[in-house]
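What follows is the residue order along each chain.
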Amino acid sequence: MAGGGFSTSAGSGVEFEAKITPIVIISCIMAATGGLMFGYDVGVSGGVTAMPDFLKKFFPVVHRRINDPSINSYYCKYDNQGLQLFTSSLYLAGLTATFFASYTTRKLGRRPTMLIAGCFFIVGVIFNAAAQDLAMLIIGRILLGCGVGFANQAVPLFLSEIAPTRIRGGLNILFQLNVTIGILLANLINFGTSKIKAGWGWRLSLGLAGIPALLLTLGALIVSETPNSLVERGRLEEGKSVLRRIRGTDNVEPEFLELVEASRVAKEVKHPFRNLLKRRNRPQLVIAVALQIFQQFTGINAIMFYAPVLFSTLGFGGDASLYSAVITGAVNVLSTVVSIYSVDKLGRRMLLLEAGVQMFFSQVIIAIILGLKVKDHSESLSHGFSIFVVIMVCTFVSAFAWSWGPLGWLIPSETFPLETRSAGQSVTVCVNLLFTFVIAQAFLSMLCHFKFGIFLFFSGWVLIMSAFVVFLVPETKNVPIEEMTERVWKQHWLWKRFMDDNDGGVSKLEANVNGAHKNGHANGFIKCNFNCFFTEDLG
């Protein structure tokens, strides 16, 4: 065995025996390749759309515009709705697929849903790598988007359910970390394939996405279904058997009973979306939706999607633009690791506010440099200013990666009450994908019209969202889920007004949890935070 010990439930003090078994580690690593696939898809599109051979084949208008000396505006050379659709179609498809993935995750299980995601990824990669026209290219991206929708629903849930409680947070961040690693790998591969002069380098970039796609598919075939899913679907004995295997002990009866009880209570919540709209749940809903919108309006995805295109637009040479994208990708990975160690020490608000200041000033500085140095008739930025712009972009990316990136997902996951967690997570995912699509589809056109002002536009939003954090986002560090109402919402200057309504001071499930503490059953309810409720009936 890789390790041993006990798994402790947050807030209950109840410990379950659980060893860190090899099957847990292998299962989590294999499942986390879903994040690698997602990150690769995000990163590869920007580099490919900067390759002349790709543009010449699928977007000849853009290719001619780039090479036309009579067109003086650097900012508008890549402005093309079809080119933007190549990037954004993946997220629109992911948004749609999320609804179906919620059903399959609940009814079929986590493993089959990951397998479906892997199959979508593989077919999408084949379409993209073999594309002969724009329609085939877009179909491939849509299929990849379907894979993203299914993987993003099943993989984080699988990770949270298979891991012992004491390492659950760290293993769950594997997904986010793999997303950033996928972006970095895509940038590195784009840098290499751009050197291929035979005209098929872009096919290799798109085709290599098949490696993480195969890993995810293979992993879905190898790993065990989670005990939570088996119990949820009435396969109790099989669930207990799997629990013994992944925990590395025969003493699983206490944890198993908690899973059964948690599943029973979860099924009592018939209308989570209706509950979500109640007055007492509005603070969590407002914060979750706002965080997803603000996360996209930082401008981060515009930079990550179009980094090579952006740097080319600013006058960097082809190699320099791809190289700069690799640097920003590496900064993204390292800064995500920083968030793992700092989020529970410094707190959520501190990270969000510090990053707001850092992102605001870096974007304003970039805008000033571009406004003064990049004119429509300029050849390019000087070497010194080019390096400084890259440094400022890295400063921006690092701030986002240790704050608004991971915390945009973490805060909603820990603030929604148990009875609305399913609906809350679904709304969070959908709003995020919707605004990712909006920014991806609009960025190049915005760059053309706003020019250097695009960075002032995003910095203005950073100012607004920082003010939102100051006044409306409470600190949730080290607050148990079942105590969130009393310790967070009822103590906030504004949100406490929403807690004294007729819905009851304590939600039904919170009351159940509090009562269960007295009977030693709280752990099962707490485990529901990522287990049962995430896949509860969306009715």
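Structure: above.
Residues numbered from 1 in each chain as written. Predicted model: local features only at pLDDT ≥ 70, side-chain atom pairs only at ≥ 80, totals over all residues. Heavy atoms only, no water.

Q: What is the right way to read the state of the cysteines from this model?
A: A disulfide bridge is the covalent bond that connects two cysteines by way of their sulfur atoms. A complete count under the given rule lists one disulfide for this structure. Each disulfide pairs two cysteine sulfurs, and for C76 the partner residue is C448, the sulfurs being separated by 1.9 Å. Sign of the S-S torsion, about 90° for the bond between C76 and C448, identifies this disulfide as right-handed. In this pair, C76 is assigned in the loop between helix 3 (60-66) and helix 4 (81-107) and C448 in helix 20 (residues 421-450), connecting sequence segments 372 residues apart. Relative accessible area serves as the criterion here: at 16%, C76 is assigned to the buried category. (Disulfide = S-S within 2.5 Å. Helix = DSSP H or I, 4+ residues; strand = E, 2+ residues; numbered from the N terminus. Buried < 20%, exposed > 50% of the residue type's maximum accessible area, 1.4 Å probe, protein only.)

Q: Is there a simple way to think about the packing of aromatic side chains in this case?
A: The description of an aromatic ring pair rests on the distance of the ring centres and on the angle between the ring planes. Here the structure, examined in full by the defined rule, presents 17 aromatic pairs. Each ring, one from F297 and one from F457, has its centre 6.3 Å from the other, and the planes form 55°; the classification is tilted. Linking F297 in helix 14 (residues 282-297) with F457 in helix 21 (residues 453-472), this pair joins segments that are 160 residues apart in sequence. Judged by relative accessible area, which is 12%, F297 ranks as buried. For F457, a relative accessible area of 25% corresponds to the partly exposed category. Through successive ring pairs, a cluster of aromatic residues spans F294, F297, W404, F435, F450, F457, F458, W461 and F468. The ring centre of F86 lies 4.9 Å from the NZ or CZ of R141, which sits over that ring. Over the ring of F498 we find R279; its NZ or CZ atom is 4.6 Å from the centre of that ring. (Phe/Tyr/Trp six-rings, centres within 6.5 Å; stacked < 30°, edge-to-face > 60°. Lys NZ or Arg CZ within 6 Å of the ring centre and 35° of its normal.)

Q: Honestly, a nonpolar patch on the surface in this entry has me stumped. Any pointers?
A: Taken together, the side chains of I181, L185 and L188 define a hydrophobic patch exposed on the protein surface, amounting to about 220 Å² of accessible area. By secondary structure assignment, the location of L188 is in helix 7 (residues 168-193). (Patch = residues over 30% accessible without salt bridge, like charges linked within 9 Å, V, L, I, M, F, W, Y side chains within 5 Å. Areas by Shrake-Rupley, 256 points an atom, 1.4 Å probe, with all protein chains shown as cover. Salt bridge = Lys/Arg side-chain N within 4 Å of Asp/Glu carboxyl O.)

Q: Help me understand the packing of helix 5 (residues 110-129) against helix 6 (residues 134-162) in this model?
A: For any two helices packed against each other, one specifies the inter-axial angle together with the distance between the axes. For the pair helix 5 and helix 6, the least separation of the axes is 7 Å and the interaxial angle reads 155°. The orientation of helix 5 relative to helix 6 falls into the category roughly antiparallel. Helix 6 is crossed by helix 5, and the crossing has left-handed handedness. Of the residues in the contact of helix 5 with helix 6, the class split is 21 nonpolar, five polar and three charged. (Axes fitted to C-alpha atoms, helices over the stretch in contact; angles between N-to-C directions. Parallel < 35°, antiparallel > 145°, perpendicular 65-115°, else oblique. Left-handed = near helix turned anticlockwise from the far one by under 90°. Nonpolar A, V, L, I, M, F, W, Y, C, P; charged D, E, K, R; others polar.)

Q: Can you walk me through helix 1 (residues 22-48) in this structure?
A: For an α-helix, 3.6 residues make a turn, and residues three or four places apart therefore share a direction. In this model helix 1 runs 38 Å from its N-terminal to its C-terminal C-alpha over 27 residues, within 8% of the 39 Å that 1.5 Å per residue would give. Counting buried residues in helix 1 gives 22 out of 27 residues, a clear majority hidden from the surface. (Expected span 1.5 Å × (residues − 1).)

Q: Please clarify how the nonpolar core should be interpreted in this entry.
A: Judged by nonpolar contacts, the single largest core of 128 residues is most densely connected at F54, F121, M359 and W404. Among the elements that line this core, the one with the most residues is helix 6, at 12 residues. Setting aside anything within four residues of it in sequence, one finds W404 in contact with L291, F294, Q295, L352, A355, M359, A399, M465 and V469. (Core = buried A, V, L, I, M, F, W, Y, C linked by side-chain atoms within 4.5 Å. Contact = heavy atoms within 4.5 Å.)

Q: Just to check I follow, could you spell out helix 21 for this structure?
A: When the terminal C-alpha atoms of helix 21 are compared, their 28 Å separation across 20 residues agrees well with the 28 Å that a helix rising 1.5 Å per residue should span. Residues of helix 21 that are buried: G453, I454, F455, F458, S459, V462, M465, S466, F468, V469 and L472.

Q: Quick question: what am I supposed to make of the pattern of salt bridges here?
A: Once their charged atoms are close, side chains differing in charge can pair, the charge on each being opposite to the other. This structure, assessed with the given rule, holds four salt bridges. A salt bridge links R233 to E225; the shortest N-O distance between them is 3.5 Å. The exposure class of E225 is buried, given its relative accessible area of 8%. E238 serves as the salt-bridge partner of R235, at 2.8 Å between the closest nitrogen and oxygen. Among the residues examined, R235 registers a relative accessible area of 36% and is labelled partly exposed.

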